[in-house]
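One letter stands for each residue in the lines below.
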Amino acid sequence: MRSVARGRPPASSRETLADAASELFLEQGYEATAVTDITSRAGVSRSSFFNYFDGKAATIWYALDEHLDDFAHRSAVGEASLEAVAAALGAAPPHTLALAIANAEAMGVGAELGAGRALRQARLAAVLADQLGARGAHGDDALAIETLAAAQAAAVCAAIWSWATRGAGTHRLDAEIQRAVSLIPGARRAAAAPLRVAVIGTGAIGSRVVAELAAGRIAGVTLAGVVTRREGQLAEALAQIAASGDAGAGGASADGGSGCGAGAPAITDFGDDLARAVAASDLVVECAGIAAARVAGPVVVAAGRDFFAVSVGALAETDVRAALLRGPGALLLASGAIGGLDLLASAARAGGIPGGITRASITSTKQAGALVQPWMQAGEAARVRRATEAFTLFEGGVEEAVAQFPGSLNVACALAQATGLWGDVRVRLVADPAAERTTHVIEADGAAGRYRFELTNAVAEANPTSSAVVAESVLRGIAEWARPSGSFR
Ligand SMILES: NC(=O)C1=CN([C@@H]2O[C@H](COP(=O)(O)OP(=O)(O)OC[C@H]3O[C@@H](n4cnc5c(N)ncnc54)[C@H](O)[C@@H]3O)[C@@H](O)[C@H]2O)C=CC1
Ligand SMILES: O=C([O-])CC(=O)C(=O)O
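Residues numbered from 1 in each chain as written. Chains lettered and ligands numbered in written order. Predicted model: local features only at pLDDT ≥ 70, side-chain atom pairs only at ≥ 80, totals over all residues. Heavy atoms only, no water.

1. Regarding the layout of surface pockets
The following threshold applies: In this analysis the probe radius is 1.4 Å and the grid spacing 1 Å, with only protein atoms considered; a cavity is a set of points the probe fits into but cannot get out of, a pocket is an open set with protein on both sides within 12 Å along at least five of seven lines, and lining residues have an atom within 4 Å of a point. Grid points are joined across faces, edges and corners, and a volume is the space filled by probe spheres set on the points. Numbering of helices and strands starts at the N terminus; helices are DSSP runs of H or I of at least 4 residues and strands are runs of E of at least 2. Gly is put with the polar residues, along with every residue not named as nonpolar or charged; the nonpolar set is Ala, Val, Leu, Ile, Met, Phe, Trp, Tyr, Cys and Pro, and the charged set is Asp, Glu, Lys and Arg. By convention here, the domain bounds are inherited from an automatic or database domain assignment.
Roughly 880 Å³ of volume is contained in the second largest pocket. Lining the second largest pocket are 29 residues, and of these L333, S335, D342, R476 and F488 lie nearest its centre. Looking at the lining of the second largest pocket, the elements with two or more residues in it are β6 (331-333), α17 (341-348), α20 (410-419) and α21 (469-482). For the lining of the second largest pocket, the leading source of residues is α21, giving six residues. Here the residues of the lining of the second largest pocket sort into 16 nonpolar, nine polar and four charged. In this structure, the lining of the second largest pocket is formed jointly by two domains, domain 2 (195-333 + 476-482) and domain 3 (341-457), each of which donates at least three residues.

Shown next as structure tokens:
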């Protein structure tokens, strides 16, 4: 008798039989293989085959079927979740099924796989529908329950097929399932689970956002954790919040570097591990600057998670803009320090009013000292720092503006994105030694109308370059993302 298990000893007679079946399907095809061929290859009696399987097809499906049996059983007693199924499949993947999927043509097993997949998907959908119904999040809305359950079951099957086709040994099945499920638009929202938000950056804006999220101030949202640039950064930020007595911080403390509020759960510090943050969240909020947004944004949306950028200037580069908008995750943009973007976007909407907005400009006036840049020669930096009266420090297009003043002119990109006039928005930056507040004047006109907004903002205490309202715009944006009801669009 030939050895069945090439390279690894079989763990049981059932696996010996399943391995023998896989070998024979590969050698002579599924149709031509009889149960007696399998038992003689495995060296067991025909009757003992039927102790394990009810036919040759079961040698392909048994591992997946066991997971489904277990899931149905646990689900009936209220113990199972989709995450638990993914974890169980990851820990004990269905190897003979993977082999059949990867070699479907050579084995001639395509029809069996097609029919078998449909059956398992339907079975999984039924269990998931029972589970969703029992959880009560959708009341008696059978359409919502059935649709969501069917989508989740389809995602699990699609993930198994993708995992097997890409090479079962090369990556994890549970990660593939998690990714597939996350691609269902609104799946977590529909499941009524709290939405998980990760934050990148703990500067002036990020700290405030983290403090509010950690204090549970946004309904339906939980803080998944924080991405930082160096060790100890989160603890420092929390200590500063506590020292400043920020009401939103809920008495944040730096205990262990990650506490926020007496008795509050510790905040997860992802360090610079963006992949971990992405896997643990539904939305990633960037509060870290244009360079960070350029790198993180495309990774987040490609993984099917939503990305909320405060550094809208990342969109100035055409290829980054395309990657950010490619999905499947959604791109959200903070209105930040300015307003009226909704009106301008409506006025500029292609096709509605031809030539809706044809001209747009922004003039930003900031504290001169806050505008010194690392690239400036000593003489120029001194001129800005020691200015005695307001002067125009920059005048030009959007790309140049954010390249030279990345922490100060994201608003110019926001205007370009709202109007679509990427090449034509005129930007002026005024350095004013007497400015205690930041002022942005936006002007736009075209066939839709003529608009002028003048916005004067208090500056953030921790960073005079940023307006204090920006963090609030991020918090409002998160709240509206989580509960999209009653907000202006
Ligand atoms: N859309 C808008 O209207 C506005 C946008 N912004 C943008 O928001 C950004 C943040 O503003 P602030 O909080 O005031 O700046 P900040 O300088 O106080 O904080 C930025 C923080 O991000 C951290 N950081 C940088 N790269 C990182 C990375 N790769 N991973 C993790 N952390 C990283 C820095 O260490 C710093 O702690 C600005 O750089 C600007 O691009 C700022 C104001 C208005
Ligand atoms: O906060 C502000 O007023 C504007 C700002 O820094 C930016 O657009 O980058």
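2. Let's talk about the UniProt feature "active site" (unreviewed entry) in the chain
Heads up, the condition is: UniProt positions are given in the numbering used here, feature names are shortened, and annotations may be inferred rather than shown by experiment. In protein, a polar contact means a hydrogen-donor-capable atom and an acceptor-capable atom, both N or O and within 3.5 Å, with residues adjacent in sequence counting only if both atoms are side-chain atoms; elsewhere, any N or O pair within 3.5 Å suffices.
Following the UniProt record, one finds the feature "active site" (unreviewed entry) at H440. Separated by 2.7 Å, the side chains of H440 and S364 make a polar contact.

3. Here we look at the side chain of S75
Note the cut-off: Residue exposure (1.4 Å probe, protein chains only): buried if accessible area is under 20% of the type maximum, exposed if over 50%, otherwise partly exposed. Contacts are assigned to residue pairs that have any heavy atoms within 4.5 Å of one another.
As for its position among the elements, S75 is in helix α4 (residues 58-76). S75 sits in the buried class, given a relative accessible area of 13%. In terms of polar contacts, S75 uses its side chain to reach the side chain of Q131, at 3.0 Å. Apart from residues no more than four positions distant in its own chain, S75 is found in contact with A80, V127 and Q131.

4. Examining the packing of α17 against α20
Under the convention used in this document: Axis definition: a line fitted to C-alpha atoms, limited for helices to the stretch in contact. Angles are taken between N-to-C directions and run from 0 to 180 degrees.
At their nearest, the axes of α17 and α20 sit 7 Å apart, and the two run at 35° to each other. Contacts between α17 and α20 involve L341, L344, A345 and A348 from the former and A414, L415, A418 and T419 from the latter. Here the contact of α17 with α20 is built from residues that sort into seven nonpolar, one polar and no charged.

5. Description of the site of ligand 1
Under the convention used in this document: A cutoff of 4 Å decides nearness: a residue is near a molecule or strand if any of its heavy atoms lies inside that distance of it. Surface exposure here means Shrake-Rupley accessible area, sampled with a 1.4 Å probe, where a residue is shielded only by the protein chains that are shown.
Surveying the vicinity of ligand 1 reveals 24 residues, the closest of which are I205, Q233, S311, N463 and S466. Calculation on ligand 1 without its partners gives an accessible area of 850 Å², and the protein chains cover 82% of this total. Of all elements in the fold, only α12 (204-214), α20 and β13 (463-467) reach the threshold of two or more residues within the shell around ligand 1. Among the residues making up the shell around ligand 1, the classes are represented as twelve nonpolar, eleven polar and one charged.

6. Quick word on the sheet that holds β6
Rule in force here: Criterion used throughout: strands pair if DSSP finds at least two bridges between them.
Across the sheet, six strands lie side by side as β3-β2-β1-β4-β5-β6; this open sheet has parallel pairing. In this open sheet, the two strands that pair with only one neighbour each are β3 (269-271) and β6. Taking each pair of neighbouring strands and ignoring which way they run, the sheet shows an average axis angle of 25°. Pairing geometry for strand β1 (residues 195-200) and strand β4 (residues 283-286), over four bridges, is parallel. Residue pairing in the sheet places A198 in a bridge with V284 of β4.

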